[in-house]
Amino acid sequence: MQEKINEEDKRTEQTCSCKTDSLAENYSIGEYRILNVLSQNGEGITYLAQDSVVGDTVQIREFFPGNMAQRCEDGCCIKPLPECATKFKYFRASFMDLYQTLGAEKENECLIPLIQIVEQNGTVYVVSEYHSVQTLEEYLTQQGGKDCWCKAKQYLLPLYNALSNLHKKGITHQGICPQNILLDEQQHPFLTGFSLSELRTVKGELGSELFDGYSAPEQYQAENWKGTWTDVYSMGAVTYYVLTGTVPPQACERLQEDTLIPAAQLEETVPENVSDALLEAMEPQADKRYENMDVLTGKMLETTSSNTAVFRVEDTQNKSTVHLEKDDELKSQNNGKTYIVITMVATLLILVLSVPKLYQYINDSWTTFSNDFSWEQNSNVSEEKIEKAEKDMHTHEVENFVGKASSDVLSNPEYEMWYHFEQVQEYNEKFEQGVIMKQSVPSGTQIGRKTTVTLYISKGSEKEPLPELAGKTLEEATAILSGMGKQWKVVEGESDVINSGSVFRTEPPAGTELSKGKSEQIILYVAVERDKQEDDQTDLDDDTQILSQKNSDRKVIKKKEKSKSSN
């Protein structure tokens, strides 16, 4: 067995001795053995590989931008071109950051699970599960080239949902096309082909990978902003292709002359509201297009008889299936106008609030990036300073949150880039309520963006004193105990100083420390009139038991103290 392993290692070394563009077959990345190349673009190479430990087939994405790096003579390591050292480090860190964020999206069922990120050979490798599935394009070919909306929405709407969730985490795809959407045997969709945005822009620094008919117009113009609206265009184009079997005209051509034919004219089974929604989703002018996927989804689900659409994802075997609930009554035309006005106002408000932050973030990032380039050009700046600047731009030192008010930390916008906070609340005698007691990642730790940090927040002391209930009416006293989560008994007796119907004593007495969250039982002694007490004595035996009382389920059975009844 050892001889066989040695022979395989020797063979691997031999295959790596010559310079090649891709890694050689049988070369190992961590515990994974390369089988063959699946695809390659300006950002890197995707391999099919096998887990040498358990035998599972996996997919490995290697960061290898061909226009700024080269494979070493050993056929394995990657080194940046002399004039591209800083750019290579910047994009390599961005590549890792992208997939770290995607890997944290474990509840997004339209993403293929990421297994591991490996740093080796001077670059980064992303290992993910490999699924034997077909592309959306292959599926449609089997269906005769197109699909009806009634059937297609079963796999398209989950994609809309998944993309919307990614947008809320700051991730845009910018490469959505039928080749990057996969379907399994149950038509469950997966979204693949994620890359850095520079790859999806004409003349980008990583080259460019655009998809004619599906890439948005702004992707053909390097100076234009890309964002969630860019993915809206691409998803609208994919939907158009699914329903009509026709690839939309290339976006940059539509800027000159828009020849897009409405979907309903190409395919009569396409509902009018769906056709209209696709036209607006694929509007060449970005400012006239739907800004996000939620708006597109709502428009796609509207009916001609209703101005509203309700959709939900059911927790069934296929958890991504979206069902439409029709309104029981038709909405009036005035309601429709009101809905449009509210939508426009809400969209305007979102733009007003978000654009300054987006501009500031892009401006700060670009300034830092530009400074990196100026450092590289300055021969007096050492490589150590360049590496430190690069590290500072992509890493962050965890702050010490212990002792701070959780409300201040959780609402601080400066933390949004680096932290994904989770909260655990516990009782603590040392820290006041709402104060952070400890954190899962120690202060001083270097982290990347959107790192999950659990904050343990004090709920205050677990003990609370029993308030003074003497002198309060029975209703007031039981309301207080109910709010504390306590049970109670009621015992009626005489009092010379407390009015009838009010509490004159409790067991335990006021001030006794009680445990929060525990249902201890409190005895309330309530004053009654002497005549009423004597009448009750003839009705009930002296040994009648008191029933436990809780909240509104209270039934009082009176008990006489023998020392008093004998008088």
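What this report covers is the structure whose coordinates are included nearby. What you see is a predicted model, and the numbers here were worked out from it, not measured in a lab.

**Points about the side chain of Asp231**
Thought 1: By the secondary structure assignment, Asp231 is in helix H5 (residues 228–244).
Thought 2: Here Asp231 occupies a buried position and makes no salt bridge, while the nearest side chain of opposite charge, Arg200, is found at 7.6 Å.
Thought 3: Polar side-chain contacts of Asp231 include one of 2.8 Å to the side chain of His167.
Thought 4: In terms of polar contacts, Asp231 uses its side chain to reach the backbone amide nitrogen of His173, at 2.8 Å.

**Some details on the packing of aromatic side chains**
Thought 1: Counted according to the given criterion, the structure contains 13 aromatic pairs.
Thought 2: Plain terms: the ring middles of Phe63 and Phe88 are 5.6 Å apart, the flat faces sit at 40 degrees to each other, and that makes the pair tilted. Taken together, the residues span a long stretch of sequence, with Phe63 in strand S4 (residues 57–63) and Phe88 in helix H2 (residues 85–103) at a distance of 25 residues. For the pair shown, Phe63 and Phe88 are each scored as buried.
Thought 3: The interplanar angle of 85 degrees and the centroid separation of 6.1 Å between the aromatic rings of Tyr214 and Tyr241 together place this pair among those described as edge-to-face. Taken together, the positions of Tyr214 in the loop between strand S11 (189–191) and H5 and Tyr241 in helix H5 put the pair 27 residues apart, joining distant regions of the chain. Each member of the pair, Tyr214 as well as Tyr241, is classed as buried.
Thought 4: Among the aromatic side chains, those forming a connected cluster through ring pairs are Phe63, Phe88, Phe95 and Tyr99.

**Some details on unusual backbone geometry**
Thought 1: Cis geometry marks the peptide bond from Glu507 to Pro508, where omega comes out at 0 degrees.
Thought 2: Mapping Pro508 onto the fold places it in the loop between strand S21 (503–507) and strand S22 (513–515).

**Some details on helix H4 (residues 149–168)**
Thought 1: For H4, built from 20 residues, the straight-helix expectation of 28 Å at 1.5 Å per residue is met to within 8% by its first-to-last C-alpha distance of 27 Å.
Thought 2: Where H4 bends most, the angle comes to about 40 degrees, and this point is Tyr155, followed within four residues by the proline Pro158.
Thought 3: Positive phi appears at Gly170, one or two residues downstream of H4, with a value of about 85 degrees.

**Quick notes on the sheet that holds S11**
Thought 1: Read from one edge to the other, the open sheet built from 3 strands follows the order S9-S10-S11, with strand pairing classed as antiparallel. Looking at the sheet topology across the chains shown, the edges are occupied by strand S9 (134–135) and S11.
Thought 2: As defined by bridge partners, strand S10 (residues 181–183) adjoins S11 across 3 bridges and the pair is classed as antiparallel. Counted as the bridge partner of Leu182 is Phe190 from S11.
Thought 3: Together, S10 and S11 form the strand contacts of H4, whose direction differs from that of S11 by roughly 35 degrees.

**Considerations on the environment of Thr192**
Thought 1: Tracing the backbone shows Thr192 in the loop between S11 and H5.
Thought 2: By relative accessible area, Thr192 is classed as buried at 17%.
Thought 3: With 11 residues separating them along the chain, Thr192 and Ile181 place their C-alpha atoms 6.1 Å apart.
Thought 4: Ignoring anything within four residues of it in the chain, the contact list for Thr192 reads Ile112, His173, Asn180 and Leu182.

**Some words on the nonpolar core**
Thought 1: By size, the foremost hydrophobic cluster in this structure holds 83 residues, and its most contacted members are Ile60, Leu136, Tyr155 and Val242.
Thought 2: For this core, the leading source of residues is H4, giving 10 residues.
Thought 3: In contact with Val242, not counting residues within four places along its chain, are Leu136, Leu140, Lys146, Asp147, Ala152, Tyr155 and Leu156.

**Quick notes on the pairing of S4**
Thought 1: The buried fraction of S4 is high, at 5 of 7 residues.
Thought 2: Sheet analysis places strand S3 (residues 44–51) next to S4, joined by 7 bridges and oriented antiparallel. Looking at the pairing, Leu48 lines up with Gln59 of S4.
Thought 3: The loop that links S3 with its antiparallel partner S4 comprises 5 residues; one of these, Gly55, has a positive phi angle of about 85 degrees.

What counts as what
Residues numbered from 1 in each chain as written. Predicted model: local features only at pLDDT ≥ 70, side-chain atom pairs only at ≥ 80, totals over all residues. Heavy atoms only, no water. Helix = DSSP H or I, 4+ residues; strand = E, 2+ residues; numbered from the N terminus. Buried < 20%, exposed > 50% of the residue type's maximum accessible area, 1.4 Å probe, protein only. Lys, Arg positive; Asp, Glu negative; His and termini not counted. Salt bridge = Lys/Arg side-chain N within 4 Å of Asp/Glu carboxyl O. Polar contact = N/O pair within 3.5 Å; in protein donor to acceptor, adjacent residues only side chain to side chain. Phe/Tyr/Trp six-rings, centres within 6.5 Å; stacked < 30°, edge-to-face > 60°. Expected span 1.5 Å × (residues − 1). Bend = angle between axes of the 7 residues up to and from the residue. Pairing = 2+ DSSP bridges. Contact = heavy atoms within 4.5 Å. Axes fitted to C-alpha atoms, helices over the stretch in contact; angles between N-to-C directions. Core = buried A, V, L, I, M, F, W, Y, C linked by side-chain atoms within 4.5 Å.

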